[in-house]
Structures are given as C-alpha cells and as structure tokens.
Amino acid sequence: MTSRVLIYWTLSILSLLCCLFVSFDSENSTAVEPKNIIFLLKVEPNYFYYSNNKFHAIVAGQLKLEIKTETILPNLINYDALVIDGLDLDLNSNISLNWVADEKKHQIPLNSNTQSINLIDFQTAQPQNISDLHLLIRSNFELGDHPNAHKEVSFESIYFDSRKNHSTLSLQMNEWFDYTPLKFNSINGYTSSENLHFQSLIQRLVIWVLINVLLYWLLRVSGKQLIISLTIAWCFTLIPFVNNFIKQNQQIETAFAEDGGYLNKQDISTYELAQDIIADLKNRSDINLSTQKFIIVGTNSFYHLRLFHHLMGLNVAINNYINNDLPNDGTKPYIYILTKKSLEDCHANEGSPSLPINILSQQAQYCLVSRS
Amino acid sequence: MIVIAGFCYALYFTILGYAVRASYNLINKTHLFIEKKTDFIAHAFFLGIFVHVVIFNIFQIMKLSNDSVLVICGVILVSSLSLITWHTLKLGVQTNKIRPTKQNIWFICLTILGSSAIYWNSGNLPNIAWDSWMVWVGKADQWISHGLSVHIKQFDAWSHDSESIYNAAAHYPDGLSLIYFLPKLISVNNNGTASIIYLFAFVMISLLLVSRLDQKGTPIYLQLLFIVALYTTPLINNHLMIQGYADIWMAMYIVLIMLTFMDYHEQRDLGVGITLMAYLLMLPMLKTEGWVWLLLFICAHTIVAIVNHKHKFKLLASVLLLIGLIVILGGVHLQLPFGNLVIDANKIEFFNLINTQIKYTDINDYLLTGFFWQMNWSFLWLGLPFLLISFVSNQHNKASQISHVFFILALTCFMFLFYFTEASQWAEDLTALNRIVLQLTLCYLFLLFRTLTTLRGVRRTE
C-alpha cells in the first residue's frame, strides 16, 4: 500500500509540474528582443512626468497615451506581449491597450499587477493595417464618491516583448493575480466574460485532477489521497481568490471613503435633485402629495432609476413618454418630472407649444409639467 | 450596534420558529426533543422566517397601518416567548446531553471566520445591487412611505388605479422584501442588520449540512474542507457580500427541503412533514421560479414513489402511455379558470408562470463562461459528471433517491429553459445563468461531499 501511495504522489506531483509549467502554445515563433516604448509615448507634458526613477501619469477621468508606431510598425506583429514593470495603479482605475486593425477596433484590458505581463495579438497579418495604437488609463467612477478625481498612475518601464521571454508559470501567475474590481453587476459573475483570467488555470487543473482520478483508479490507493489532491487543486484557486478579496476590500474602502450611503457621484446628484423636487412640491399649496401621481419621463437608466428610488416617498413611476394616452381615472392629472434629455420638451414649450403641456415649475435641473 | 441589531433580528426569527414548534408539541402533548442544538436553532430560524412572511402577508390582507403592524408584531413576540416558557414549564425540553466536541468548536470558529471576512468587505458597501434597491429593498422602502398594505402594481395597472403605487417588478413575491421591512420600520441600519441575517442564516445552513455529513460518516477533515469550500466559492461569497438578492435564500431553502425530505423518509414524523410543507411553501414566496422548484420536488417525490411501488411497471407504462397520448394528440391545450396550460412542440404556457415559444438557442459559450471560467466556482462543477455517475453506480435509500432525482430534474429543467425558451436572453447577457445555478449549488456541494465520503477508505469507521 505504501509503495502505491508513493507511486501515486510521485506521478501526481510530476503531472502537476507538467500541467503548470508546460506551454501549450503551438506557435513556433522565435523570441524577439524586447522593445522599450517609453520614448514612443505621445502625451501632453502636463499629464506625464519623470521623477524618482518612475514615470507618472496624471489621470483626470481618462488619459490617452498614444504610441508612435512609425519606427516599430514593420516588426509590430512579431511582438505578442506587452510588459509594464513597477506598475502602480489605483484600484479604482484600469489600463488598456487599444488599436484599430483592418478597420476594426480592438481593446485588451491590461493586468494590474506590479509586473504586468499581457499577452497580445494584433489580429492582423499586415502590420501597416494597424493604426491608432494607444494606451488608455481610465478612472472607474462606477462605485463610490472618489474624493480625489485626479489619479496618479506610475510605472518604471514599458516594452513590447515576446511571450517566449517569459516562463509559462510567470505568464500564468500574472493572470491569476490580476484584479477583478467590484462592480454593480458583480453579483452575476466573478470575472467578466471579456477578461477571463482563470481560464488557463482551470484548464490546467482540470487535466491534473483527471490524471489524479485515473491514478486513484489504477493504483487502487485510498480515497484520502485523492481528496488531498483535490484540496491542493482547491488551494491553487483559493490563493487568487483570497488575493482578490483583500484587494476588493481596499477598493471599497477608498471608493466609499467619504459617505457610504450613496452608490456614486451621480447618485449624490440624483439625491440632491430629488430633495429639490420634494421641497418645490411642498411649497405648492395646489398639490396634495399624498394623492398626486408623478411620472419621471425617461428610460430605465441608472440616473432615472436612482431618482425614482430617492422619490419613493411620492407616488411615482417611470415612463419613456410624456404624451401617451394614459387613462384619466378621475383624479388629478399626472405631474411629469422632466430631467436631462426630456428637459428639452419643457424648453421647447416656452417658444412654440409643440406639446400640449402646462409648465408648473421650471428649474435648471428639472421641470414639472402636467398635460393640458 | 449594527451587529447586535442583526443578532436580535435573528433571535426574533428563532423565537417565532421555536414557538411554532413548541405549540405543535403542546397540541400533541409530546416532549420537545432537541437532539443537536445547532440543528434545532437552524430549523427554528428558517421556520421563523416562514412564519414572519406569512404573518406579514396576513397584515397586508388586513390592511393594517404600519404602526399597528409594529404593535401586533410586539404582541406576537411576547406571546411566542410566553408560549415557549409555558411549554418548557409544562412539558419540559429534552436535550441530548452531548457536550460540544472540539470539532464542533472548530466548525463554529471557521464559519465565524468566513462570515467576519465577508462582513469585513460588505460592512462599508452600500446596497449596490440594482434589483435589490429597485425591487427587494425598494418595495420595503415603498411600504415604509405608503403603508404595508398599499397595492404595488406595474405601470399599466398602476395608471388605471388611483390607490396603487408603482414598482416595475410588482409581480415579484414579497418574501425577501418582508425580511427587510421590519428593521426599516424600527429604523435601525437596515443594510447592516440584513447583512448579519444573511450571514447568520448561512452559518446555520453550514452547520446543519456539516452535521448531516457527519451522520453519513464523513471524516472530520472532509467536513472542514466542506466549510472552506462553502465560504470560498465566489458566487456564494458575492451573494452574501452584495446582499439583496433572493437567490441565496432560494439556495438555502432548497437544500433545507432536501434535508427535511430525507428526514421525513427516515422518521415519518408528522412534525417533520409540517416543517417540510412550510419550507416548500416558502419557495414561491421568495421568487417566481420557486414554483418550478416546488413542482420539481413534487415530481421527484412522485417518480421515486412510482419506482419503489410494487406495481411500478404498470405505473410506468401508464405514465409513458399518457405521454405518448399527449404527443399523438399534439400536446396539451387547456383553458382553466386560473390560466392556460399549453404544452406542445412550439409553445409552453404554464398558467401565469411561464409563457414562451420553444426555440433552440446556442448558449454553449455563455454556459462555459458562467460555469467554468470563474475561479474556484468552476473547479467545483468539475465534480458534476462524477456525482451523476455515483447516483447510478451506488445503492441508495429512498430518501437519497429523491434528492438525486430532484437534482437531475432541476439540472434538466435549467438546461431546457435556457437552451429552448425565451429565458435564453438572460443566459446571453449573463445576468441570470449563474444565479439560477447558485440556487442549486448548496444541494450540489452537499451531494458531492457525500459522494466523496463513499471513496475507498474515506468513510469514518467507529
């Protein structure tokens, strides 16, 4: 029994090493020398500077770093990796490589690790067809009321490279420890379908686990050995999970540093708007808030839905149109709340009454009207 | 403070559930026998949630104002406590004097550690999930402003009714919203309190499942691994962290039903039967698809009853004959007072629950993304083929058969809905594919670890 266990573990560990280190790439491309592109970056000097051995980019919303391709274009498609060393990226920002090839836009989100190694494929056989190559750094304002809108992203060096210059494990590790930020739709999935950084890990572990099941069956060892194998495989997935979990905590802490009550900046403005509308309505003696029905005119966008949420104290609904034939149920006519795009209807009505509406209140941010 | 409020709320549910169990024993004049405290608290808690939802539904029908709801709620709580006291004094409670073992303490510590880690992330997070602030928590907000008994309707119905208020998802059941309502009514930090309730419920389920695995001879190390797997599965973790969705509750109730079904078959006890009915009824009160799971449990029960019946071949032949007859006649087209029942090659309409064309949609890619490329979540599903093989290869008792048949039916139904009906749109935008699977994940994990126990030399021998 002991000898069979020994054989099991010898074969199992060997196969694990194989699964993790063997490269499955079928391409026979030769390794090319890395090409430093820091001097090819074209960006407004105010937003880019060098200090303390690092390049610093200041991002206000988003920053485009163009890559001048004149000198490297003929060789461009020979590079299949982009490496950024010493990357320091805020957890609420992301960076991507973008280009147009054969008149089609492409984007690859780059890993946010300190050494960010990213596999790239320019999706064309003709390098001259590649244009508009640039890096895009964006601040993610989806969550939180980010106290400082200006973000600083820094790195030591950036170069195009060949994947052959990196071990399979380091390429893998770079994907595993990439960060998946928390988003509104995080509840539905963990990693987005555009950026599946665990696919390769899972595929490799699946092969290893199947080998272990086969070994268990052939060598007739105790099930305990198989369970230990499964636990090892689980740990391999657990380490990136815990790493991501801790980073998410830092993301949440910075995103909701000021006031955790609002989902993001836009939410704060919808809340303030809702308060203005309620105050306006309370000042009017002709409107009975307990019986009056209101309709927010707009689509089911985040803005309108949050406005609806903040106005839940009123009898309010959302509808796309103002001039539909709603049944008159004998009560007072509906009051429509116009904001954003639908506000144009209110302004248009000032000059030439295109819609049969009465303007009850007209403000910069909103307009209250009823159908006449 | 928030944590204390959360625990008080959990205690409220447990008291309600305990009172119902005590009153059953009072009527039957039997002793309340607590075999294992964690099991008892878990059942009392989940039964309490059912009782709470039913009581609040009655409040809605009675058109009570929010103030009277609060007062009556207090009265119910006090009567429940008195009932429990009276029952304890009159009949007494028999508890199994098993001291907590080292392992129990380990399990509890591990679940507390997992819960604390999740709370560490969710504590600062506002209620970010769309469906949650629009629908589940949204409805609770609307009841606070407009009263619990106000009619909530979708746009067309709302515009015809001056007494109603609007919510885009007015047709969703009220179960989860009613859990959020009470803390809002007492004006405590709702998000934090509910977060504790989610975590408490999940701890209870974890301990309950571990105790069942223990009964089946699962060794301690595998039980520990089971808890680690429960707390580190990304989708489960996310639903506990970004709370506000009903899917994790569905998952918990489905696994509770599975366990209670097994208990019922082993003990044939009326009390267990009543508990089972309560859990089954809870499903449609939480989500619309609860009806599907409910019907599937009934189907699983019927199929196992037929297979174990002495006239099984005659019964099976008649079922096949009935199906054959339906196929020859071109499907079922019935118009019943409570809706249409249409099942044929082009369309499926099942009362008000589903009405969809049957059309094949290729969702393979989405299925792979949803199931397999999501960190350890994907690794979990690797066990599925082995689990299915074990259903056939091993001998099982009737109770286990039901859980297996239910699981296979649920998976088949899930695949059918996403591949062949208009539900495929939710697979294509990856909004519901994972979440529906999540509802089965706890069952799956439990069955998987039970299967791992059957591996050579793993089962604990005492």
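Residues numbered from 1 in each chain as written. Chains lettered and ligands numbered in written order. Predicted model: local features only at pLDDT ≥ 70, side-chain atom pairs only at ≥ 80, totals over all residues. Heavy atoms only, no water.

Per an unreviewed UniProt entry, the recorded name for chain B is Dolichyl-phosphate-mannose-protein mannosyltransferase, and the organism is Marinicella litoralis.

**Q** Residues and numbers for helix α20 (residues 433–453) of chain B, please.
**A** All names here are of chain B. The terminal C-alpha atoms of α20 lie 30 Å apart, and with 21 residues this matches the ideal 30 Å at 1.5 Å per residue to within 8%. At leucine 440, α20 is bent by approximately 45°, the largest bend along its length. Here α20 lies mainly inside the structure; 21 of its 21 residues are buried. (Helix = DSSP H or I, 4+ residues; strand = E, 2+ residues; numbered from the N terminus. Expected span 1.5 Å × (residues − 1). Bend = angle between axes of the 7 residues up to and from the residue. Buried < 20%, exposed > 50% of the residue type's maximum accessible area, 1.4 Å probe, protein only.)

**Q** Could you give an account of the environment of asparagine 129 of chain A, with specific residues and numbers?
**A** All names here are of chain A. Locating asparagine 129 in the fold gives a position in the loop between β9 (116–119) and β10 (130–139). The partly exposed category is assigned to asparagine 129, whose relative accessible area is 32%. Separated by 27 residues in the primary sequence, asparagine 129 and aspartate 102 place their C-alpha atoms 5.6 Å from one another. Within the structure, the side chain of asparagine 129 is placed 2.7 Å from the side chain of aspartate 102, a separation counted as a polar contact. (Polar contact = N/O pair within 3.5 Å; in protein donor to acceptor, adjacent residues only side chain to side chain.)

**Q** Hey, could you go over the packing of aromatic side chains for me, with residue numbers and the actual values?
**A** Going through the model one piece at a time under the given rule, you end up with 48 aromatic pairs over all chains. Each ring, one from phenylalanine 13 of chain B and one from phenylalanine 45 of chain B, has its centre 5.8 Å from the other, and the planes form 85°; the classification is edge-to-face. With phenylalanine 13 of chain B in helix α1 (residues 2–28) and phenylalanine 45 of chain B in helix α2 (residues 37–62), this pair connects stretches of sequence that are 32 residues apart. Classification of phenylalanine 45 of chain B by relative accessible area gives buried; the value is 0%. Taken together, the aromatic side chains of Phe7, Tyr9, Tyr12, Phe13, Phe45, Phe46, Tyr198, Phe200, Trp249, Tyr253 and Tyr279 of chain B make up a single cluster linked through ring pairs. Between lysine 293 of chain A and the ring centre of tryptophan 158 of chain B, over which it is positioned, the NZ or CZ distance is 4.5 Å. The residue whose ring lies beneath arginine 456 of chain B is tyrosine 216 of chain A, and the NZ or CZ to ring-centre distance is 4.5 Å. (Phe/Tyr/Trp six-rings, centres within 6.5 Å; stacked < 30°, edge-to-face > 60°. Lys NZ or Arg CZ within 6 Å of the ring centre and 35° of its normal.)

**Q** With reference to specific residues and values, describe the domain arrangement of chain A.
**A** You'll often see interface size given as the accessible area lost when the parts meet. Residue and element names in this part refer to chain A. Each domain of chain A was delimited in the assignment, giving domain 1 (3–20 + 197–256), domain 2 (29–166) and domain 3 (259–371). Computed from C-alpha coordinates alone, the two centres of domain 1 and domain 2 are separated by 33 Å. Contacts between the two partners involve six residues from domain 1 and, on the opposite side, eight residues from domain 2. At the boundary of domain 1 with domain 2, total buried surface from both sides reaches about 650 Å², with 53% on carbon and sulfur atoms. Taken as a group, Gln251, Ala255 and Phe256 account for 61% of the area that domain 1 buries against domain 2, more than any other trio of residues on that side. The tally of links from domain 1 across to domain 2 stands at zero salt bridges. On inspection of domain 1 and its partner domain 2, the count reaches two residue pairs in polar contact (both at pLDDT 80 or more). When its residues are assigned to classes, the side of domain 1 that touches domain 2 shows two nonpolar, three polar and one charged. (Domains from an automatic or database assignment. Contact = heavy atoms within 4.5 Å. Buried area = accessible area lost by both parts, 1.4 Å probe. Salt bridge = Lys/Arg side-chain N within 4 Å of Asp/Glu carboxyl O. Nonpolar A, V, L, I, M, F, W, Y, C, P; charged D, E, K, R; others polar.)

**Q** Mind laying out the pairing of strand β14 (residues 315–319) of chain A, listing which residues take part and the relevant values?
**A** A regular strand places its side chains so that they alternate between the two faces of the sheet. Residue and element names in this part refer to chain A. β14 sits mainly inside the fold: five of its five residues count as buried. Two strands pair when backbone bridges link them, and strand β13 (residues 293–297) and β14 are joined in this way by five bridges, in the parallel orientation. The residue of β14 that forms the bridge with lysine 293 is asparagine 315. Note that the unit made of β13, helix α6 (residues 302–310) and β14 has a crossover that is right-handed. (Pairing = 2+ DSSP bridges. Right-handed = clockwise from strand over helix to strand, strands pointing away.)

**Q** How would you explain unusual backbone geometry if you had to name every residue and give the values?
**A** Among all residues save glycine, negative phi is the norm, and among peptide bonds the norm is trans. You will see that arginine 220 of chain A, though not glycine, has its phi angle at about 50°, which is positive. In this structure, lysine 63 of chain B takes a positive phi of about 55° despite not being glycine. Relative to the elements of secondary structure, lysine 63 of chain B occurs in the loop between α2 and α3 (66–90). For lysine 63 of chain B, a relative accessible area of 53% corresponds to the exposed category.

**Q** Now, about the nonpolar core: what can you tell me, with residues and values included?
**A** Core analysis: the biggest nonpolar cluster contains 208 residues, and Phe46, Phe56, Trp249, Tyr253, Trp293, Phe406 and Phe407 of chain B have the highest contact counts within it. Sequence-distant contacts of tryptophan 293 of chain B, defined by excluding residues within four places in its chain, comprise Met250, Ile254, Leu283, Phe406, Ala410, Ile436, Gln439 and Leu440 of chain B. Grouped together as the second largest cluster of nonpolar side chains are 35 residues, Phe48, Leu73, Leu82 and Ile158 of chain A included. (Core = buried A, V, L, I, M, F, W, Y, C linked by side-chain atoms within 4.5 Å.)

**Q** Lay out the interface of chain A and chain B in plain terms, naming residues and giving numbers.
**A** With 71 residues of chain A at the contact, the number on the chain B side is 62 residues. Summed over the three residues of chain A that lose the most area to chain B, namely Ile187, Asn188 and Trp234 of chain A, the buried surface amounts to 14% of that side. Across the chain A-chain B interface, the total number found is zero salt bridges. Inspection of the region where chain A meets chain B yields 19 residue pairs in polar contact (both at pLDDT 80 or more). For the side of chain A that touches chain B, the secondary-structure elements that each account for two or more residues are α3 (199–219), α4 (223–255), β13, α6 and β14 of chain A. Among the elements that make up the side of chain A that touches chain B, the one with the highest residue count is α4 of chain A (18 residues). Here the residues of the side of chain A that touches chain B sort into 41 nonpolar, 23 polar and seven charged.

**Q** Any details on the sheet that holds strand β11 (residues 150–155) of chain A? Residues and values, ideally.
**A** Residues and elements named next belong to chain A. Spatially, β3-β4-β11 is the arrangement adopted by the three strands of the open sheet, whose pairing is antiparallel. Of all the strands in the sheet, the pair left with one neighbour each is β3 (48–51) and β11. Looking at each pair of strands side by side, their axes are set apart by 30° on average, direction ignored. Strand direction decides the pairing type here: strand β4 (residues 54–60) and β11, joined by six bridges, are antiparallel. Looking at the pairing, valine 59 lines up with lysine 151 of β11. (Axes fitted to C-alpha atoms, helices over the stretch in contact; angles between N-to-C directions.)

**Q** So what's going on with the packing of α2 of chain B against helix α12 (residues 270–286) of chain B? Which residues, and what values?
**A** All names here are of chain B. Packing of α2 against α12 leaves a shortest axis separation of 10 Å and a crossing angle of 55°. In terms of orientation, α2 and α12 fall into the oblique class. As α2 packs across α12, the resulting crossing turns out to be left-handed. Where α2 abuts α12, its residues His43, Phe46, Leu47, Ile49, Phe50, Val53, Val54 and Asn57 lie against Thr275, Ala278, Tyr279, Leu281, Met282 and Met285. Here the residues of the contact of α2 with α12 are counted per class, giving 11 nonpolar, three polar and no charged. (Parallel < 35°, antiparallel > 145°, perpendicular 65-115°, else oblique. Left-handed = near helix turned anticlockwise from the far one by under 90°.)

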